[in-house]
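Residue-level structure breakdown
So you can see what is in the structure, the chains are spelled out below.
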Amino acid sequence: MKLKIIKLLLLLLIISITASSQEKIVYITRTGEKYHLEHCSSLRRSKIKITLSEAIKKGYEPCKRCNP
Ligand SMILES: [Zn+2]
């Protein structure tokens, strides 16, 4: 019985990790071709919130400075 509960909890944990990694938030700028983490200095001019998967889908590349 206990083992079943542990398995269920593990499954829930895996689901939540997968879901959160898909919804990782990054930031793009109006003119740039890179996506950034929130604190990156490249985001001073403009800062557009976007999910990581959406940024990759649109052809953005990771910033070398903040390494998202
Ligand atoms: Zn950056």
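Residues numbered from 1 in each chain as written. Predicted model: local features only at pLDDT ≥ 70, side-chain atom pairs only at ≥ 80, totals over all residues.

**Quick word on the overall build of the chain**
Definition in use: Runs of E in the DSSP output that reach at least two residues are strands. Runs of H or I that reach at least four are helices, and both are numbered from the N terminus. Throughout, radius of gyration means the C-alpha value; the globule benchmark is 2.2 Å times the number of residues raised to the power 0.38. In this scheme the burial state of a residue depends on its C-beta neighbours within 10 Å: 20 or more other such atoms mean buried, 12 or fewer mean exposed, and anything in between means partly exposed; the C-beta positions come from the backbone. For the purpose of contact definition, each residue receives a C-beta atom placed from its backbone, and two residues are in contact when these atoms lie within 7 Å.
In terms of regular secondary structure, the chain is built from 2 helices and 4 strands. Relative to its length of 68 residues, the chain is extended, with a C-alpha radius of gyration of 17 Å against a globular reference of 11 Å. When each of the 68 residues of the chain is scored for burial, the buried share is 12%. Taking contacts inside the chain between residues at least 6 apart in sequence as the whole, the part at least 24 apart equals 51%.

**Thoughts on unusual backbone geometry**
A positive phi angle, close to 50 degrees, is found at Asn67, a residue other than glycine. Note that Asn67 resides in the segment after β4 (61-62).

**Some words on the pairing of strand β1 (residues 25-28)**
Looking along a regular strand, one sees side chains alternate from face to face of the sheet. Note the following rule: A strand pair is defined by DSSP finding two or more bridges across the two strands.
For β1 and strand β3 (residues 48-51), the ladder comprises 4 bridges, and the chain directions are antiparallel. Bridge pairing in β3 links Ile25 to Thr51. Across 2 bridges, β1 lies against strand β2 (residues 34-36) in antiparallel orientation. Each residue of the ladder has a partner; that of Tyr27, found in β2, is His36.

**Things to note about the nonpolar core**
What counts here: Each nonpolar core consists of buried Ala, Val, Leu, Ile, Met, Phe, Trp, Tyr and Cys residues. Their C-beta atoms, within 7 Å, join them into a set.
Listed in full, the 7 residues of the largest apolar core are Val26, Tyr27, Ile28, Tyr35, Ala55, Tyr60 and Cys63. If near-sequence neighbours (up to four positions away) are discounted, Ile28 is found in contact with Tyr35, Ile48, Ile50, Ala55 and Tyr60.

**A word on the environment of Glu38**
Note that Glu38 resides in the loop between β2 and β3. Accessibility expressed as a C-beta count within 10 Å gives 12 for Glu38, which makes it exposed. Along the chain, Glu38 and Ile25 lie 13 residues apart, while their C-alpha atoms are 8.6 Å from each other.

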